[in-house]
Structure formats: C-alpha cells, structure tokens
Amino acid sequence: MERGHGASAPLAGQVAIVTGAGRGIGRAIAERFGAEGAAVVLASRTAADLDRVAKGIERAVVVPTDVADDAAVERLVARALERLGRVDILVTAAGVAAFGPVAQQTPRDWDSMLAVNLRGAMVCCRAVLPPMLAQRRGTIINVASIAASRPIAGAAAYTVTKAGIVGFSRVLAEELRAGGVRVGVLVPGAVDTPLWDTIPGGPDRARMLRPEDVARAAVLMATLPPGATLEELTLLPAGGIL
Ligand SMILES: NC(=O)c1ccc[n+]([C@@H]2O[C@H](COP(=O)([O-])OP(=O)(O)OC[C@H]3O[C@@H](n4cnc5c(N)ncnc54)[C@H](OP(=O)(O)O)[C@@H]3O)[C@@H](O)[C@H]2O)c1
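So, here is what we can say about the structure in this document. Predicted model only: the values in this text are computed from it and were never measured.

**Concerning the layout of surface pockets**
Taking a probe equal in size to a water molecule and rolling it over the atoms shows the remaining empty space. Taken as a whole, the second largest pocket spans an internal volume of roughly 320 Å³. In this structure, the second largest pocket is lined by 21 residues; those nearest its centre are Gly138, Thr139, Gly180, Arg182 and Pro226. Taken together, the residues of the lining of the second largest pocket break down into eight nonpolar, seven polar and six charged.

Encoded structure:
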C-alpha cells in the first residue's frame, strides 16, 4: 500500500538501516518503511537485489554489505551517516537457514548461521549505538523466529541463533533504556519468502505469513511514541505455526 511521503507520514524524517533488504522479510520491511516516509539504507550482499528494491523506494541508499564482516558493518553505518546524517532505526533481517538433524550435521554446517543470524546481528546493533546514543533516540528491531521458543526438529543450530538474539536483545534493551534507545525482537512464525526455496519438505507456503504482514508489525514497533516500547512481538500464521 502506497502512502503519502509528506511530513505527516509516520516515519518522515527518519533514517532506517535494514539488513537482508534484498529479499523476503527485509525487503518487505524496507519497502514499507519507505512508503511510511523513511529514508532507507538497504544492506545485503547481492547488489543487484538491492538496486531492484531501491527502485521502489523514494529515498534509498544501497550499501552492499556482508554482516559477517565487522569492518563492512562499520562502513555501512558510516555510509548511512555520511549520506543521510542520522540513524533512527535498525532492522536486522539478514539471515540464513540450513536445517538437518544434529546427528547428521558437522559443526561446520552451523558456522554461517552463527556468523550471520547471531554474531552479525549483534555487530550491527553495536555499530549503530554511537549515533543513536548521541541522538538519545533510536529503535532497534531484531528479527528472531518462533524457533527461539518452540522446538522444531532439524533446527537446532538455527534455534541457537534465534534464542541467542532474543537474549541479546533483552540485555541490550536494559542497557540502553536510560539512553533513549529501545530494542525489540520481532518473532515470526513461517513466512513465505525465498528462504524456503532450498529447504526440501517445508510447510505449505500458502498457509504461511506474507512478508508484508511482518513489515506491518515492524512499522508498529518503529512508530510507537518514544515513551512506549514493544520489546517482543510474536506474529504467527492464523492457522498455527505450521
Ligand atoms: N521465512 C521464514 O519463515 C522466517 C520465519 C521467522 C524468521 N525468519 C528470519 O527472518 C530473516 C529474513 O528471512 P527471509 O525469510 O526473508 O530470508 P531470505 O528471503 O532468504 O532473505 C534473506 C536476506 O538476508 C540476506 N543475507 C543473507 N546472508 C547475509 C549476509 N551474510 N550479510 C548480509 N545479508 C545477508 C540475503 O541477501 P544476500 O544473500 O544477497 O546477502 C537476503 O536479502 C532471517 O533472519 C530469518 O531467519 C524467517
């Protein structure tokens, strides 16, 4: 849904960094934030995806970034400040998933999920703190998963990353409370995105959430008045978690 971009738009004048903005949930959040008036910094590894997404957003800056690379994340935030002057919102939607029983996996199979979903998100959060604390204002939204709280066979390492980011977010929220920066986790059930393309035998995609549903929840978290903070929002397909 297109919205007016005037000064009255809910996110007018705000700058959002969205990781994983090339596809799926991150893309939907970036597009929705743009429609709500935000300037959006689009980050993921594939520049061509980001360029495509940028075309649909009035004020977008493309910064190809691997969130597993600490220096690249620092450059992402520096670029946002250089081009747009501030950072009001961070959404960490960059993520990878590889499923399989622990007995059939090797520790190496876990590495990319730990590096991207957990450590990468933590590094992104840390990198936006200097500008947000200087402004005494900011909203961090980490995209976790229902896997963080409900056991799904085959998703052990993925679950570690999502439970980890929930715990990290809770502590970070506490640390930043006095500084005017709020931290929340968005906890979706299954969402119909390209993430499922390479996962054999996944749930029925027609019954999953749409990425746009998750984007609406992210807008709610980002647009609450500064005196309120939505620290954990679980969004499920109405038919169940699948
Ligand atoms: N789909 C679901 O059912 C579901 C449910 C709950 C939670 N989630 C979580 O939601 C987040 C987004 O998932 P999705 O379903 O939208 O997945 P997706 O469609 O596969 O999109 C993932 C995005 O993350 C980016 N990405 C992957 N590795 C990256 C890296 N190292 N650095 C920067 N960007 C990277 C990808 O771009 P590049 O590959 O070009 O970098 C892509 O833009 C993930 O954290 C996922 O765990 C998904």
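**Here's the deal with the site of the ligand**
Inspection of the region around the ligand gives 29 residues, with Ile25, Thr46, Tyr158, Val191 and Thr193 positioned closest. Between the ligand and Arg23 there is a distance of 3.3 Å, counted from an oxygen atom to a backbone nitrogen or oxygen. Here an oxygen atom of the ligand sits 2.8 Å away from a polar atom, N or O, in the side chain of Lys162. The protein chains hide 97% of the 880 Å² of surface that the ligand would expose on its own. At the level of secondary structure, the elements contributing two or more residues to the shell around the ligand comprise helix 1 (24–35) and helix 5 (156–176).

**Things to note about empty space enclosed by the protein**
In this structure the tally under the stated criterion is two cavities of 30 Å³ or more. Here the largest cavity defines a volume of roughly 40 Å³. The wall of the largest cavity is formed by Thr139, Ile140, Ile141, Arg182, Val183, Gly184, Met221, Thr229 and Leu230. Elements with a contribution of two residues or more to the lining of the largest cavity: strand 5 (138–143) and strand 6 (181–188). Tallied by class, residues from the lining of the largest cavity come to five nonpolar, three polar and one charged.

Conventions adopted
Residues numbered from 1 in each chain as written. Predicted model: local features only at pLDDT ≥ 70, side-chain atom pairs only at ≥ 80, totals over all residues. Heavy atoms only, no water. 1 Å grid on protein atoms, 1.4 Å probe; cavity = no way out; pocket = protein on both sides within 12 Å on 5 of 7 lines; lining within 4 Å. Points joined across faces, edges and corners; volume = space filled by probe spheres on them. Nonpolar A, V, L, I, M, F, W, Y, C, P; charged D, E, K, R; others polar. Near = heavy atom within 4 Å. Polar contact = N/O pair within 3.5 Å; in protein donor to acceptor, adjacent residues only side chain to side chain. Areas by Shrake-Rupley, 256 points an atom, 1.4 Å probe, with all protein chains shown as cover. Helix = DSSP H or I, 4+ residues; strand = E, 2+ residues; numbered from the N terminus.

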